[in-house]
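# Descriptive structure summary
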Amino acid sequence: MPDLLIELFSEEIPARMQTRAAEDLQKMITNGLVEAGLTYASAAAFSTPRRLALTVEGMLAESPSVVEERKGPKADAPEKAIEGFLRGAGVSRDDLEERETPKGKILFAKINKPGRPATEIVAEVLEHTIRHFPWPKSMRWGNGSLKWVRPLHSILCIIVSEDGAEVVPMQVDGIESGNTTSGHRFLAPDEITIASFDDYEAKLKRAKVVLRADERAETIWHDATNMAFASGLEVVDDAGLLAEVSGLVEWPVVLMGRIADDFLGLPPEVLQTSMKEHQKFFSVRNPKTGRIERFVTVANRTTADEGATILAGNEKVLSARLADAKFFWENDLRVAKSDAGMATWVKALENVTFHNKLGTQAELIERMAVLSRELAPMVGADPVQAERAARVAKADLSSEMVYEFPELQGLMGRYYAQAAGYPDAVAAAAEEHYAPLGPSDDVPTAPVSMAVALAEKIDKLTGFWAIDEKPTGSKDPFALRRAALGVIRILVENDLSVPLDRFIGAQLVRNKGQAHDDIHDGLIADLVAEIAHHGVFGAAFRTIMEKADHILHPETVEKLEVQVPHKSGDLLSFLHDRLKVYLRDQGVRHDVIDACIAMPGNDDLTLLVKRARALSETLKTDDGENLIQGFKRANNILSQAEEADGVEYSYGADIKFAETDEEKALFKALDAAEAVIAPAMEKQDFTTAMSAMAELRGPIDAFFDAVQVNSDNATVRRNRLNLLSRIRTICTSVADLARVDG
Amino acid sequence: MSKTPEKPRSFQSIILALQNYWAAQGCAVLQPYDMEVGAGTFHPATTLRSLGTQPWAAAYVQPSRRPTDGRYGENPNRLQHYYQYQVLIKPSPPNLQELYLGSLEAIGIDMEMHDIRFVEDDWESPTLGAWGLGWEVWCDGMEVSQFTYFQQVGGHDCHPVSGELTYGLERLAMYVLGVDHVMDMPFNDPGSPIELTYADVFKQTEEEYARWNFDTANTEVLLRQFEEAEAHCKAILDQPAVDPKTGKRIIMAHPAYDQCIKASHMFNLLDARGVISVTERQAYIGRVRTLAKMCADAFVQTRAGGWTEDAA
């Protein structure tokens, strides 16, 4: 069976788009072929800076003929209707067949669809693919109307069978298909004629083009590590950079260069970032000292002087770049070590907008500092130090280095805070307060860092909640989901018990205050103090709002009063939703989490997680799973009885009214369980409490097997219902089991 | 490929080589626009001529001013006044990359010895309401040019598309001549009876302008001039298409555009004086863009912009 080879040859395709484009080419072409009836055995796609290529092997030479049947009008339908049907189906009256159906005699048309040659189908599918290609950004050029990522120059499209290669004739916007391509832009620019995929790959290689991106990456990595190793050095791993560089060259030639001595004193991260971002260089490290001493660059060609000119040029450009970096580093250090120190930078942040409704960066820092101080005791940090750390944590945003390399924010803060003489814990917080940045990023564990990191995220969340900028669907421009996950991970992974409600409430008021000029600082302080004592739901909140009534615009009062408690609850459920995602990844079911969220104190996420894990573990055991059944049975009977009788059975089950052994046994089991569960709950040892609960499964099942709750004897019935109530109370001490599936 | 010519010896010989090369490729070699602009793109030969359907091919040097980049002539490669070499061809020819590479050879870059790369770099000018796709061109890791296919200018889609090449002349020349500090670069031939370096020509002006740009320029005057230019631009475009004196259809797109250029430069000066806050910045850029769009709208109503009696 024939093979198909396609190459789309263009001006340089951005490196970051190449891999995806090759995948899209394969998907669009093969889907199109299959849809038209051309099945195939295998396919593979490739990309270089100037070409996308696709090989399809074992493709049908033509699509199979098919007979389609189409249902028409009734046989006795008006002539006009029948004619219309014939026209639509493109058949004549001879192709119609009358068939008896439950609805009467119906006409059916047989439409013969003859097979079509592959060339015809391929031409159509390729043209459609080129015209509808999903480039992230595309452009027009010259006089044309076609859009491609950069000007498209030629289309190679051949079908290869035993008889040889045949060009699939087609054209798009004046570009005609053929069987030729070109080699490397400088090393082998001549046209080459291609007879098959193997021929294509081999001839390209002779023309100094490595077709496969992974082969180029392998060559680069292999040569780079060898070269570094020969000098007793190692290349700093960077998969992203390797992929990018592989997309910038067709004929990779690895060269290792020197970094001038002047620059070796720069922080390694600065060297690395500058070399990577500006020059796409790999960093080469001395494993003994950990210092970056050289670089590796990848040229796109060989030269007569073995790259000496190219390397000299690159070294020179790097020196100019690093001279800038060194200039920034030295200027910044001078500021950090000056008398005013990093405060100069914080002052400058008074002119930098964080968000137009949430004030400047300086105001954000102020809110963050207050919250850090308040959170400090909850995470074992010194409040004064936490506040101090929060005040310098973002100072580096004004530094020249971070202005030039935004990705070094935090890290530079740490260097500068150290230089300014801050304690290590404060300096570390400058770097770590941004963490964790992703689900696998490390969580800060130092107390001061934890306080500031939590404050940074809670302030961000409450701020955007206060101004109604919540994430919706796939839109989360301020990365609030990431901030929420950060809060969760810092608390849970450090086993920190923090009642979030009052911190969220307080920070919401501070952020609301930011958004409204007429709320002055004294009032905010009053409100925050009330919230600290009573939480946002407290009547005290409303009392203070009443007090504020005569100084505030009524609209503002309304906003604070109605929105703060509401938004606080809304933000907490957002955190709960993110917690579900976080725990689901760890194998905890959502109904288990719901059962725990239903318990009081659900604003303490660590407590919530402990409940959920204990319940989840118990549910994995046989007893645990069946306990749910028993509990639900007890709960249903009890609820129905309570509804029917209009009373609550919650007290006074007495063993003396117990009639059967099973009933007596359940009393004893409940006594025994309570004796274990109560102290365990005191210690928040939910695992012990849950296993004690699971042991009730046997007695509960035995009870229900032997005993009819609704006895004719009213006393006995009441006693049994009160007994069920004990089951309910005990079984809902860790979580609301009624919400657990099963 | 053609034989690599003699290595140039001075800044001006590189400029002359580019002028000769692009003249040989059929470009009209224009002279710099006689107004202060931030980049060669602002020259009406690019901004306005990239609009409409009329074919165009022009090359020119454009002195460019970026007040905030002034360093009193001390920084090895930052200047508040520098030269750009600009080429604009409409429609972009299919061999524009080859033509461009030819220009590098013309200034003495040996294609056999260097590593030339086209690295993704999309261009956008918020003040001109313009964007395009293309690359920065690297020679041995050094950015030597910007290469852009214009997609939109002044809010208008470009049909046909222009290809634009911009060379930062000082930087490119320093590279070719092997000079580390711009001020050390020979301006005329080192063997000339009166040898002049870049410093001899520009060191003093860099100092003078840096002082003026950063500390002395009267911001009230600048602000007033910005607003006057803005008002003037609009007033020009408000005039009827037919000139009452000659009875001819004369839309004054260019005079209006001069006022747009002026407003843009006043904004750059105000920015350098540090009197524009982050939020105000966007608003000023928006005001200049509005002018640029109005001028573009006007230009496409002129003959050079593709307007014809029949189409009207």
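Bear in mind that the values here come from a model prediction, so they are computed numbers and not experimental data. Numbering of residues starts from 1 in every chain and runs along the sequence as written. Here every chain gets a letter starting at A, and every ligand a number starting at 1, in the order they are written. For a predicted model such as this one, the threshold for reporting local features is a pLDDT of at least 70, and the threshold for listing and counting side-chain atom pairs is 80 or more; totals across whole chains, interfaces and linings nevertheless cover every residue.

### Thoughts on the overall build of chain B
A count of helical and extended segments in chain B gives 8 helices and 9 strands. To get the radius of gyration, use the C-alpha atoms; to get the globule rule, take the number of residues to the power 0.38 and multiply by 2.2 Å. Relative to the 2.2 N^0.38 estimate, which gives 20 Å for 312 residues, the radius of gyration of chain B is 20 Å and therefore close to what a compact globule would have. Here exposure depends only on C-beta density: within 10 Å of a residue's C-beta, 20 or more other C-beta atoms make it buried, 12 or fewer make it exposed, and intermediate numbers make it partly exposed, the C-beta atoms being placed from the backbone. Across the 312 residues in chain B, those meeting the buried criterion constitute 48%. Expressed as a percentage of contacts within chain B between residues at least 6 apart in sequence, the contacts between residues at least 24 apart total 67%. Counting from the N terminus, the helices are the DSSP runs of H or I reaching at least four residues and the strands are the DSSP runs of E reaching at least two. Contacts are defined on C-beta atoms placed from the backbone: any two residues whose C-beta positions lie within 7 Å are in contact.

### Quick look at the overall build of chain A
On a plain count of helices and strands, chain A comes out with 27 helices and 18 strands. Across its three principal axes, chain A shows a C-alpha extent of roughly 100 × 100 × 60 Å. Within the span of chain A, comprising 742 residues, buried residues form 44% of the whole. For chain A, contacts bridging at least 24 residues in sequence account for 67% of all contacts bridging at least 6.

### Concerning the domain arrangement of chain B
Residue and element names in this part refer to chain B. An automatic or database domain assignment supplies the residue ranges for each domain. By the assigned domains, chain B splits into domain 1 (11-211) and domain 2 (218-299). Between the C-alpha centres of domain 1 and domain 2 there is a distance of 25 Å. Counting from both sides, the interface comprises 21 residues of domain 1 and, opposite them, 20 residues of domain 2.

### Observations regarding the packing of helix α1 (residues 11-24) of chain B against helix α3 (residues 96-106) of chain B
All names here are of chain B. Relative orientation of the contacting elements α1 and α3 amounts to 145°, with a least axis distance of 9 Å. Helix-helix and strand crossings are classified by hand; for α1 and α3 the assignment is right-handed. On the side of α1, the interface is formed by Ala17, Leu18, Tyr21 and Trp22, while α3 contributes Gly102, Ser103 and Ala106. Three classes are used: nonpolar for Ala, Val, Leu, Ile, Met, Phe, Trp, Tyr, Cys and Pro, charged for Asp, Glu, Lys and Arg, and polar for all others, with Gly counted as polar. Residue classes in the contact of α1 with α3 are distributed as 5 nonpolar, 2 polar and no charged. Axis definition: a line fit to C-alpha positions, over the contact stretch in the case of helices; interaxial angles, taken between N-to-C directions, run 0 to 180 degrees. By definition, any crossing whose near helix is turned counterclockwise from its far helix by less than a right angle is left-handed, and any crossing with a clockwise turn is right-handed.

### So, the UniProt feature "domain: DALR anticodon binding" (unreviewed entry) in chain A
Summarizing the sequence annotation, UniProt attributes the feature "domain: DALR anticodon binding" (unreviewed entry) to residues 628-740 of chain A in the numbering used throughout. Measuring from the first to the last C-alpha atom of residues 628-740 of chain A gives 8 Å, for a span that is 68% helix and 0% strand. UniProt positions are given in the numbering used here, feature names are shortened, and annotations may be inferred rather than shown by experiment.

### Thoughts on the sheet that holds strand β4 (residues 66-74) of chain A
All names here are of chain A. Within the open sheet, the 3 strands sit side by side as β4-β6-β5. Their pairing is antiparallel. If you trace the sheet from one side to the other, it starts and ends with β4 and β5 (96-101), each paired once. Each neighbouring strand pair of the sheet contributes to a mean axis angle of 35°, computed without reference to strand direction. Pairing of β5 with strand β6 (residues 104-113) involves 6 bridges; the strand directions are antiparallel. Of the residues in β6, the one forming a bridge with glutamate 100 is lysine 105. Contacting β4 and β6, helix α2 (residues 79-89) crosses the sheet at an angle of about 160° to β4. Here, a strand pair is defined by DSSP locating no fewer than two bridges between the strands.

### Topic: unusual backbone geometry
Note that the residue after A:Ala435, namely A:Pro436, is joined by a cis bond; omega there is -10°. A cis amide bond, omega -5°, links B:His159 with the succeeding residue B:Pro160. Looking at where B:Pro160 falls in the secondary structure, it is placed in the loop between β8 (156-157) and β9 (163-168). Here A:Glu306, not a glycine, exhibits a phi torsion of approximately 55°, which is positive.

### A short note on the interface of chain B and chain A
Listed as interface residues are 27 residues of chain B and, on the opposing side, 31 residues of chain A. Every element with two or more residues in the side of chain B that touches chain A is listed here: β4 (116-120), β6 (130-139), β7 (142-153) and α8 (278-299) of chain B. It is β4(B) that contributes the most residues to the side of chain B that touches chain A, 4 residues altogether. Each residue belonging to the side of chain B that touches chain A can be placed in one class, and the counts come to 14 nonpolar, 8 polar and 5 charged.

### Let's talk about the sheet that holds strand β13 (residues 234-235) of chain A
All names here are of chain A. Strand order in this open sheet of 4 strands is β13-β15-β16-β14, and the pairing throughout is antiparallel. A strand with exactly one partner marks an edge of an open sheet, and here the two such strands are β13 and β14 (253-258). Judged from the 4 bridges that link them, strand β15 (residues 282-285) and strand β16 (residues 292-299) form a sheet pairing that is antiparallel. Each residue of the ladder has a partner; that of phenylalanine 282, found in β16, is valine 296.

### Things to note about helix α1 (residues 15-35) of chain A
All names here are of chain A. Given the number of residues in a helix, its expected span is that number minus one, multiplied by 1.5 Å. The end-to-end C-alpha distance of α1, which contains 21 residues, comes to 31 Å, matching closely the 30 Å that a straight helix rising 1.5 Å per residue would cover. Two axes enter the definition of the bend at a residue: one is fitted to the seven residues ending there, the other to the seven starting there, and the bend is the angle between them. When the local axis directions of α1 are compared, the greatest deviation, roughly 25°, occurs at alanine 21. Considered for burial, the residues of α1 that qualify are Ala15, Gln18, Ala21, Ala22, Leu25, Gln26, Ile29, Thr30 and Leu33. Positioned one or two residues after α1, glycine 37 has a phi angle of 95°, which is positive.

### Let's talk about the environment of A:Ile458
Residues and elements named next belong to chain A. Along the chain, isoleucine 458 turns up in helix α15 (residues 447-466). A C-alpha to C-alpha distance of 48 Å links isoleucine 458 and methionine 227, two positions 231 residues apart in sequence. Each residue touching isoleucine 458, except ones within four places of it in the same chain, is listed here: Leu371, Val487, Phe503, Ile504 and Gln507.

### A look at the pairing of strand β7 (residues 152-161) of chain A
All names here are of chain A. Burial analysis of β7 places 7 of its 10 residues in the buried class, the great majority of the element. In this sheet, β7 lies alongside strand β1 (residues 3-10) in antiparallel orientation, the contact comprising 8 bridges. The residue bridging leucine 8 from the neighbouring strand is isoleucine 155, located in β7. Relative to strand β10 (residues 175-178), β7 runs parallel, the two sharing 2 bridges.

### Details of the packing of helix α11 (residues 383-393) of chain A against helix α14 (residues 424-432) of chain A
Residues and elements named next belong to chain A. Where α11 contacts α14, the axes come no closer than 9 Å and their chain directions differ by 45°. By the criterion of interaxial angle, the relationship of α11 to α14 is oblique. As for how α11 packs across α14, the hand of that crossing is right-handed. Seen from α11, the contacting residues are Gln385, Arg388, Ala389, Val392 and Ala393; seen from α14, they are Ala425, Val426, Ala429 and Ala430. When the residues that make up the contact of α11 with α14 are grouped by side-chain class, the tally is 7 nonpolar, 1 polar and 1 charged. Every angle not falling under 35 degrees, over 145, or within 65 to 115 is termed oblique; those three ranges are roughly parallel, roughly antiparallel and roughly perpendicular.

### Focus on the nonpolar core
One nonpolar core equals one set of buried Ala, Val, Leu, Ile, Met, Phe, Trp, Tyr and Cys residues connected by C-beta atoms within 7 Å. Formed by 243 residues in total, the largest nonpolar core has its most connected members in A:Ile6, A:Ala451, A:Val452, A:Leu615 and A:Met693. If one sorts the elements of this core by residue count, α15(A) sits on top with 12 residues. Ignoring sequence-local partners within four residues, the contact set of A:Met693 consists of A:Leu627, A:Ala673, A:Ile677, A:Ile730 and A:Cys731. Ranked by size, the runner-up nonpolar core spans 41 residues in total, among them B:Phe42, B:Ile236, B:Leu270 and B:Met294.

### Some thoughts on the confidence of the model for chain B
Mean pLDDT for chain B: 93, with 97% of residues reaching 70 or above. Both scores are available for the predicted complex, with the pTM at 0.77 and the ipTM at 0.93. Note on scores: pLDDT gives the predictor's confidence for each residue, bounded by 0 and 100.

### As for α11(A)
Residue and element names in this part refer to chain A. Here α11 lies mainly inside the structure; 9 of its 11 residues are buried. Where α11 is concerned, the buried positions are Gln385, Ala386, Glu387, Arg388, Ala389, Ala390, Arg391, Val392 and Ala393. The elements touched by buried residues of α11 are α9 (343-348), α10 (361-379), α13 (411-419), α14 and α15.

### Things to note about the pairing of β6(A)
Sheet analysis places β4(A) next to β6(A), joined by 7 bridges and oriented antiparallel. The residue of β6(A) that forms the bridge with A:Lys71 is A:Phe108.

### Details of the environment of A:Lys105
Residue and element names in this part refer to chain A. By the element assignment, lysine 105 lies in strand β6. Considering only alpha carbons, one finds lysine 105 and leucine 411, 306 residues apart in sequence, at a separation of 81 Å. When residues no more than four places from it in sequence are discounted, the contact partners of lysine 105 are Lys74, Ala75, Glu98 and Glu100.

### Observations concerning the environment of B:Glu120
Relative to the assigned elements, B:Glu120 resides in strand β4. Distance in space between the C-alpha atoms of B:Glu120 and B:Val87 is 19 Å, their sequence separation being 33 residues. Apart from the residues lying within four places of it in its own chain, the contact partners of B:Glu120 are A:Pro14, A:Ala15 and B:Trp135.

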